[in-house]
Amino acid sequence: MTPMLKAVLDLFTGSNQPDNNRDHSVELATAALICELINADNQTDRREKQAYRDVLKSQFTLDDDTLNTLVSDGQETADNAVDLVQFTKIINEQCDNEQKKSILTGLWKVAYADEQLAPIEENVIRRIADLLYIPHSQFIKTKLSVTGEPD
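Residues numbered from 1 in each chain as written. Predicted model: local features only at pLDDT ≥ 70, side-chain atom pairs only at ≥ 80, totals over all residues. Heavy atoms only, no water.

Q: Would you mind showing me how to read the side chain of E48 here?
A: Here E48 is to be found in helix α3 (residues 46-60). Of the buried charged residues, E48 lacks a salt bridge, with R47 as the closest side chain of opposite charge at 7.9 Å. (Helix = DSSP H or I, 4+ residues; strand = E, 2+ residues; numbered from the N terminus. Buried < 20%, exposed > 50% of the residue type's maximum accessible area, 1.4 Å probe, protein only. Lys, Arg positive; Asp, Glu negative; His and termini not counted. Salt bridge = Lys/Arg side-chain N within 4 Å of Asp/Glu carboxyl O.)

Written out as structure tokens, the structure reads:
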């Protein structure tokens, strides 16, 4: 187990860690949610994988080594997850509405990276938005901002 994954898992289980490790919790939760989205339609495209990396790198300003670790740990965490609540709970506790909106935008970017939106992908994003307490109007506006469609 990587040191970063151990630190994040300690946060998931409630162990007291310094505040600088709190960010890793949000990073891993976001990475796991994106992995859940990518895996939703059982068709992983290289463009989705690249968008996954791009979203994480830009959202969290990560160096390449940290990004590689986060991508790997995010997939492992998503593979072992039983639901989305464990990830959205961390985001709700540590992020404001603008940060949640940014995560939602990242999800839409990954979903549209292969230029197709499977109904299951939209459903996963809808469930995540609901769990993040994002209003439906913001869900739609964020989607339209990524697709470039007028409001």
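Q: Any chance you could explain the environment of S58 here in plain terms?
A: Mapped onto the elements of the fold, S58 is located in helix α3. Considered as a pair, S58 and G106 are 48 residues apart in the sequence and their alpha carbons are 9.6 Å apart.

Q: Would you mind showing me how to read the nonpolar core here?
A: General note: in soluble globular proteins, nonpolar side chains tend to be found buried as a group. Within the largest apolar cluster, 39 residues are counted, with the highest numbers of intra-cluster contacts made by I34, Y52, L56, L107 and I125. When residues of this core are traced back to their parent elements, those giving at least two are α2 (22-40), α3, α4 (64-79), α5 (85-94), α6 (97-111) and α7 (119-131). With ten residues, the single largest contributor to this core is α2. If near-sequence neighbours (up to four positions away) are discounted, I125 is found in contact with L37, L104, L107, W108, A111 and F139. (Core = buried A, V, L, I, M, F, W, Y, C linked by side-chain atoms within 4.5 Å. Contact = heavy atoms within 4.5 Å.)

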